[in-house]
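Inside the fold
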Amino acid sequence: MADNRYRPATQVVHQGTDRDPYTGASAIPIYQASTYHHPEGSAGEYDYARSGNPSRRQVEEAIALLEGGCAGFAYASGMAAIGAGLSLLKSGDHLLAPRDLYGGSWRYLTSILPEQGISCSFVDMTNIEAVRRAVIPATRALFLETPSNPLFNITDLRATVEISREYGLLTMLDNTFMTPLLQRPLDLGIDLAIHSGTKFLGGHSDLLAGLVTTAQPELARRLKRHQNALGAVLAPFDSFLLARGIKTLRVRLVAAQANARLLAERLVSHKAVKRVIFPGLDDFAGRDVHFNQSSGPGAVLSFELHAADQVAKLLRQVRLPIIAPSLGGVETILTHCWSMSHAAIPSAVKDELGISRSLLRLSVGIEDPEDLWEDIERGLAG
Ligand SMILES: *Cc1c(COP(=O)(O)O)cnc(C)c1O
C-alpha cells in the first residue's frame, strides 16, 4: 500500500501504485484477464479475477489511501457497494436510516432488506435525540448520508458515532456528495465509507462504479469475503477509467465548487426562485455542523421555484446542463428530483419530506460559470 504521508493533492495523482510494476508504464494497464497461471499448480498473488485484478486493485488502494482505510473494495456500481455494506447485516437485525436519502438506497432499504428479514426505521438524523430514541434492542447498524440528498440535511457524525459506540452499532456513511477530499468519515469513527464512483470520483459521466473502505481489519476481512462470494466486482476497464478520473478529482472539485457557490448566490436573488439549499450559503440550516466535519460545501445545490409549471419551461429552455439523474461530472447536470433521482419514492412520502415538484438539483460542472448563468437565467425568464 502506498505512502499516506503525502497530501491529498498528491495522493489523488499518484494513488496506491503510480506505475506498472511489470513494465514501468505511466498508467496501470487494463488487465483484461479472467484467470491467472498457477506455476506448478500453486497460485501467485492473483488466482482468479473475481478475487483480484491489478487494475481493480489500483482503485481499491486509492480509496483506502484517500479515506484513511486499511483496505478498499471496488464494485460494479454505487448500489452494489451499498449492498456490500448492508450484506454485513443478517436476518432479525434492525437498521436506522435518514428520512431523505438517495432514491436507490431508499428502494433497497424499503423493498429488498425486509424480504431478507432485516427491518429499517427512518429517522430525522438532524435530531440526535430522535436517533437515540429510535434505537431498539434489535438495532445493529446506522446508515448515514450527510449532506442528505436532495435536501442537504446534516447529520452530526461525531454525535452519531458516540451513540453507535454506546449501543454497539455498525455505522456506514454514503460519502458520495463530499468525496474523501471534503469529508473523511473514518477519521471521525465511522466504520464504513461508501461511494458511488459513478459521480465525482469517476467525474466524467462515463462509467458506473462503487467503492467501500474501512479502517478496521476485521471488517475488511468480512468485506473481502463477501466481495468474492457475491462477485459484483468492478471490471478492469471501468477500474482504469475510475483511476484516471480520481487523478483529476481535486482540480475538478475546486473548480466545480467555486462555480456552485457563484450560481447559488445568483439563484438566491432571482425572483423566480423560492429557496436555494447549498451548504456554502450563510443561511444554510446545518452550516455549523457541516463545517465542523467537512472542509467544503461541495458542488451540488438544490433550488425550488415558486411555481411547479416553471420547471417544465426551464427544462425545455436550458441548453448547457444535461437533464438527467446523476451528479459529479465535469458537465453541469440538472435533475428534477421528483421524477428522476427520487422517482422510486412514493409521492406521498416525497410530499412529507419536502421533495416538491418544483425542486431541482444542480450538480455544477467546470464550464465557464458565466455561460452557465446566462443559460439558467434564460430558462428562468418570463
Ligand atoms: C448515484 C448515487 C448512488 C448510487 O450509485 P450508482 O453508481 O448509480 O449505483 C448512491 N448514493 C448516492 C448519494 C448517489 O448519488
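Here the residue numbering is sequential within each chain, running from 1 through the sequence in written order. For a predicted model such as this one, the threshold for reporting local features is a pLDDT of at least 70, and the threshold for listing and counting side-chain atom pairs is 80 or more; totals across whole chains, interfaces and linings nevertheless cover every residue. Neither water nor hydrogens contribute to the side-chain values; these are computed over all heavy atoms in the structure.

**Looking at the pairing of strand β2 (residues 94-98)**
By the criterion of burial, β2 is predominantly enclosed, with 5 of the 5 residues buried. Working definition: with a 1.4 Å probe on protein chains only, accessible area under 20% of the residue-type maximum means buried, over 50% means exposed, and in between means partly exposed. The secondary structure listing takes helices from DSSP runs of H or I that are at least 4 residues long and strands from runs of E that are at least 2 residues long, numbered from the N terminus. By the alternation rule, side chains of β2 split into H94, L96 and P98 and L95 and A97, which are all buried. For two strands to count as paired, DSSP must find a minimum of two bridges between them. Bridging between β2 and strand β3 (residues 119-123) involves 5 bridges; their strand directions are parallel. Residue pairing for β3: L95 is matched across the bridge by C120. When the strands point away from the viewer and the path from the first strand over the helix to the second turns clockwise, the crossover is right-handed. Note that the unit made of β2, helix α4 (residues 103-115) and β3 has a crossover that is right-handed. As paired elements, β2 and strand β4 (residues 139-145) share 3 bridges and run parallel to each other. Residue L95 lies in a different strand from β4, and its bridge partner there is A141.

**Considering the packing of aromatic side chains**
Stacked, tilted and edge-to-face are the three classes applied to pairs of Phe, Tyr and Trp rings, where Trp contributes its six-membered ring and a pair requires centres within 6.5 Å; stacked means planes under 30 degrees apart, edge-to-face means over 60, and tilted covers the rest. Considering all chains together, one arrives at 4 aromatic pairs under this definition. Between the aromatic rings of F152 and F177, the centroid separation amounts to 6.0 Å while the plane-to-plane angle is 70°, which identifies the pairing as edge-to-face. Within this pair, whereas F152 is found in the loop between β4 and α6 (157-167), its partner F177 is found in the loop between β5 (170-174) and α7 (179-182), the two being separated by 25 residues in sequence. Each of the two residues, F152 as well as F177, counts as buried. Two conditions define a charge sitting above a ring: the NZ of Lys or the CZ of Arg must be within 6 Å of the ring centre, and it must be within 35 degrees of the ring normal. If you follow K350 out to its NZ or CZ, it ends over the ring of W338, 4.5 Å from the centre.

**Considerations on the side chain of K199**
Examined against the element boundaries, K199 turns out to sit in the loop between β6 (192-196) and β7 (210-214). Summary of buried charges: K199 has no salt-bridge partner, and the nearest side chain of opposite charge, D174, is 7.4 Å away. Aside from chain neighbours lying at most four places away, what touches K199 is Y102, T176, S326, L327 and G328. The positive count covers Lys and Arg only, the negative count covers Asp and Glu only, and His and the chain ends enter neither. Here, a salt bridge means any side-chain nitrogen of Lys or Arg that lies within 4 Å of a carboxyl oxygen of Asp or Glu. Any two residues having at least one pair of non-hydrogen atoms within 4.5 Å are treated as being in contact.

**What about the sheet that holds β5?**
Ordered in space as β1-β7-β6-β5-β4-β2-β3, the 7 strands form an open sheet in which the pairing is mixed. Looking at strand neighbours, the two that pair on one side only are β1 (71-75) and β3, the edges of this open sheet. If you compare each strand with its neighbour and ignore which way they point, the axes differ by 20° on average. Lines are fitted to the C-alpha atoms to define the axes, a helix being fitted only along its stretch in contact, and any angle between axes, read from their N-to-C directions, falls within 0 to 180 degrees. Against the sheet, α4 makes contact with β2, β3, β4 and β5, and its axis sits at roughly 140° relative to β3, the strand it touches most.

**Some details on the domain arrangement of the protein chain**
Throughout, the edges of the domains are those of an automatic or database domain assignment. We note that the domain assignment places domain 1 (8-247) and domain 2 (250-381) within the protein chain. Spacing between the C-alpha centres of domain 1 and domain 2 amounts to 26 Å. Facing the 37 residues of domain 1 at the interface are 42 residues of domain 2. Of the roughly 3,100 Å² buried where domain 1 meets domain 2, counting both sides, 64% is carbon and sulfur surface. Three residues stand out in domain 1 for area buried against domain 2, namely F152, L182 and F200, and they jointly supply 22% of the buried area on that side. At the junction of domain 1 with domain 2, the criterion picks out 1 salt bridge. Of the charged contacts in the structure, one is a salt bridge between R99 and E352, with a shortest N-O distance of 3.5 Å. A 3.5 Å cut-off defines polar contacts: any pair of N or O atoms within that distance qualifies, except that in protein one atom must be a possible hydrogen donor and the other a possible acceptor, and neighbouring residues in sequence count only when both atoms are side-chain atoms. Between the two partners, domain 1 and domain 2, sit 15 residue pairs in polar contact (both at pLDDT 80 or more). Those elements that provide at least two residues to the side of domain 1 that touches domain 2 are α1 (8-14), α4, α6, α7 and α9 (236-247). Polarity classes work like this: nonpolar for Ala, Val, Leu, Ile, Met, Phe, Trp, Tyr, Cys and Pro, charged for Asp, Glu, Lys and Arg, and polar for all others, with Gly in that last group. Here the residues of the side of domain 1 that touches domain 2 are counted per class, giving 19 nonpolar, 12 polar and 6 charged. Summed over both partners, the accessible surface that disappears when two parts come together, traced with a 1.4 Å probe, is what is meant by buried area.

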